[in-house]
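As a plain string of letters, each chain reads:
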Amino acid sequence: MPANWKSIKTSSQSSNTDDNQKDEGILSKSNQSNSNVISEMDRLEIFTPEKPRRSLDEVILSPLVRSRLETALNRIRYHDKLYEEWNLKKIDPYGRRVAINFFGPPGTGKTLSAEGVAQHLGKQIIKVNYAEIESKYVGETPKNITAAFKKAKETDSILFFDEADSILGKRLTNVTQSADHGVNVSRSVMLLQLDAFEGVVIFATNLPENFDGAFVRRILAHIEFELPDLDCRVKLWDFLLPDEVPRKNDVHPNWLAIQSEGLSGGDILNAVKLAASQAVIRLDDDCQVNQKDVLDAISQVREGREKVGVFTNKSKQVSVNEELIQPEELSADARKRYDSVVRDLSKES
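Counting restarts for each chain, with residues numbered from 1 along the sequence as it is written. Local features in this predicted model are restricted to residues of pLDDT 70 or higher, and side-chain atom pairs are both shown and tallied only at a pLDDT of 80 or more, whereas totals for entire chains, interfaces and linings draw on every residue. The side-chain numbers reported here are obtained from all heavy atoms of the structure, hydrogens and water having been left aside.

Side note on the overall build of the chain
Selection rule: Put simply, DSSP H or I for four residues or longer makes a helix, DSSP E for two residues or longer makes a strand, and each gets a number counted from the N terminus. Under the scheme applied here, a residue whose accessible area is under 20% of the maximum for its type counts as buried, over 50% as exposed, and between as partly exposed, the area being computed with a 1.4 Å probe on protein chains only. The contact criterion used is simple: two residues touch if any of their non-hydrogen atoms lie within 4.5 Å. Only the protein chains shown count as cover for residues, with accessible areas throughout obtained via the Shrake-Rupley method and a probe of 1.4 Å.
Secondary structure assignment for the chain yields 13 helices and five strands. Residues counted as buried form 32% of the 349 residues belonging to the chain. Partitioning the contacts of the chain with sequence separation of at least 6, the portion at a separation of at least 24 is 74%. Put simply, the chain shows about 22900 Å² of open surface, and 51% of that area lies on carbon and sulfur atoms.

Printed below as a string of structure tokens:
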């Protein structure tokens, strides 16, 4: 074909090309659809039901916390009597949902109690943490929230949200960025899913003051997990220090409880492991936990609580240097404001 001549497609060639393009378009849409299906399946697989490893009998709680927990469980145990015979459905027609909030310092038994509730009710538990819900991609977080509730419904599982303050935090009123809008959308989706869910949801947080009021109203019981008192600490040491661990006769639960005031159950567990690790390398009769091992371990745990994860500015001394300048050294704009203030002060005097 001579140079600069243009090729003219026949009608059949054009038709075939168009058909190929259409086929490719259909294939592309089909692949896209399959991709979406796989993505939804993968999203659901993130939230895996687990068999609870602890029972409520194994969780050491104060009498007040256990009483409040039992009251919340009564709402589940006696649902039919409460809502049918006693007609609570008159004031709460959507009463199938039960939401409970465990709040308090770390290591006080919130997660273990959630597992205990699931075991007591004969259900599996789906543990959801902040990292699994949040996403840097716009629009993904609401989908993850929806998937968590959907998986809990399909498997009849207890839904447990750890670090709940990150998910149930206050909605933003001064929205200036798309990320801020995304936060509010996620909060709204969480509210909708919570309202529609006919199951048991347990939240746990160390920062309850961050909760949005709309979530607070939708939660049946807020149960505070405080640091264990002396009696609880005796029980904790007795439970967490196995009989098989060799120890001196003066290392007994009552003495241990006195030495560990202010520690949580999680702290005591760490102290047991540290003390045992210190004793295990010694030989013969010395290869047993003594009081010094325990005191060293408790001291290390206390030091960690006080210094790690807590902001301190002791190492940073802030100094302020003052320097006096004359009015004539000011910039033109600053000098103008300065003269205006001086005139106003002169008028007042």
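Some details on the pairing of strand β4 (residues 200–205)
The criterion, for reference: At least two bridges found by DSSP between two strands are what make those strands a pair.
Counting buried positions along β4 gives six out of six residues, so the element sits mostly inside the fold. On β4, burial covers both faces: V200, I202 and A204 on one face and V201, F203 and T205 on the other are all buried. Relative to β4, strand β1 (residues 98–103) is paired through six bridges, and the arrangement is parallel. Within β4, the residue paired with A99 across the bridge is V201. Sheet analysis places strand β3 (residues 158–161) next to β4, joined by three bridges and oriented parallel. In the strand pairing of β4, F161 is matched with F203.

Topic: the packing of helix α9 (residues 230–240) against helix α11 (residues 265–279)
To keep things clear, this is the line we draw: The angle between two axes is taken between their N-to-C directions and runs from 0 to 180 degrees, where each axis is a line fitted to C-alpha atoms and a helix contributes only its stretch in contact. Our angle categories are set so that under 35 degrees counts as roughly parallel, over 145 as roughly antiparallel, 65 to 115 as roughly perpendicular, and the remainder as oblique. With the far helix as reference, a near helix turned anticlockwise by less than a right angle produces a left-handed crossing, and one turned clockwise produces a right-handed crossing.
Contact geometry for α9 and α11: axes closest at 10 Å, N-to-C directions at 40°. The angle between α9 and α11 places the two elements in the oblique class. Note on packing geometry: the crossing formed by α9 with α11 is right-handed. Taken together, the residues of α11 that come into contact with α9 (itself represented by R233, L236, W237 and L240) are G265, I268, L269, A271 and V272.

Side note on the pattern of salt bridges
To keep things clear, this is the line we draw: Salt-bridge detection follows one rule: a side-chain nitrogen of Lys or Arg within 4 Å of a carboxyl oxygen of Asp or Glu.
Within this structure, the stated rule accounts for 13 salt bridges. A salt bridge links E70 to R77; the nearest nitrogen and oxygen atoms lie 2.8 Å apart. Exposure remark for R77: the relative accessible area of 32% places this residue in the partly exposed category. A salt bridge links E303 to K307; the shortest N-O distance between them is 3.6 Å.

Remarks on α9
Residues separated by three or four positions in an α-helix point in the same direction, a consequence of the helix having 3.6 residues per turn. Our working definition: Directions pointing from the helix axis toward each C-beta atom define the arc.
Regarding α9, the residues found buried are C232, R233, L236, W237 and L240. Relative to the axis of α9, the buried residues are bounded by an arc of 135° and lie together on one face. Opposite the packed face of α9, turned more than 90 degrees from it, sit the exposed residues D231, K235 and D238. Tucked inside the fold, the buried residues of α9 contact α10 (253–259), α11 and α12 (291–307).

What to know about the sheet that holds strand β2 (residues 125–128)
A sheet is described by the order of its strands in space; here five strands give the open sequence β2-β3-β4-β1-β5, paired in parallel fashion. Only two strands of the sheet have a single neighbouring strand rather than two, namely β2 and β5 (221–224). This sheet shows a mean twist of 20° between the axes of neighbouring strands, independent of strand direction. Of the pairings in the sheet, the one linking β1 to β5 comprises four bridges and is parallel in character. Its bridge partner being in β5, N101 is matched across the sheet by H222. Strand contacts of helix α4 (residues 110–120): β1, β2, β3 and β4, with the helix running at about 155° to β2, the strand carrying the most contacts.

A short note on the packing of aromatic side chains
The geometry of two aromatic rings is summed up by the distance between their centres and the angle between their planes. Heads up, the rule is: Pairing of aromatic side chains here covers Phe, Tyr and the six-membered ring of Trp, requires ring centres within 6.5 Å, and sorts the geometry by plane angle: under 30 degrees stacked, over 60 edge-to-face, intermediate tilted.
Taken as a whole and assessed by the stated rule, the structure comprises four aromatic pairs. Note on F102 and F225: the rings are 4.9 Å apart at their centroids and 55° apart in plane angle, and the pair reads as tilted. Of the two residues, F102 sits in strand β1 while F225 sits in the loop between β5 and α9, which places them 123 residues apart along the sequence. Measuring from centroid to centroid gives 5.8 Å for F149 and F161, while their planes differ by 35°, and the two rings are tilted. Taken together, the residues F149 in helix α6 (residues 140–155) and F161 in strand β3 connect sequence positions twelve residues apart. In this pair, the class of F149 matches that of F161, namely buried.

Looking at unusual backbone geometry
Its identity is not glycine, yet N87 carries a phi of approximately 60°, on the positive side. In this fold, N87 is placed in the loop between α3 (79–85) and β1. A residue is classified by how much of its surface remains accessible, and N87, at 35% relative accessible area, is partly exposed. Residues other than glycine seldom take positive phi values, yet D284 does so here, at roughly 55°. In this structure, D284 sits in the loop between α11 and α12.

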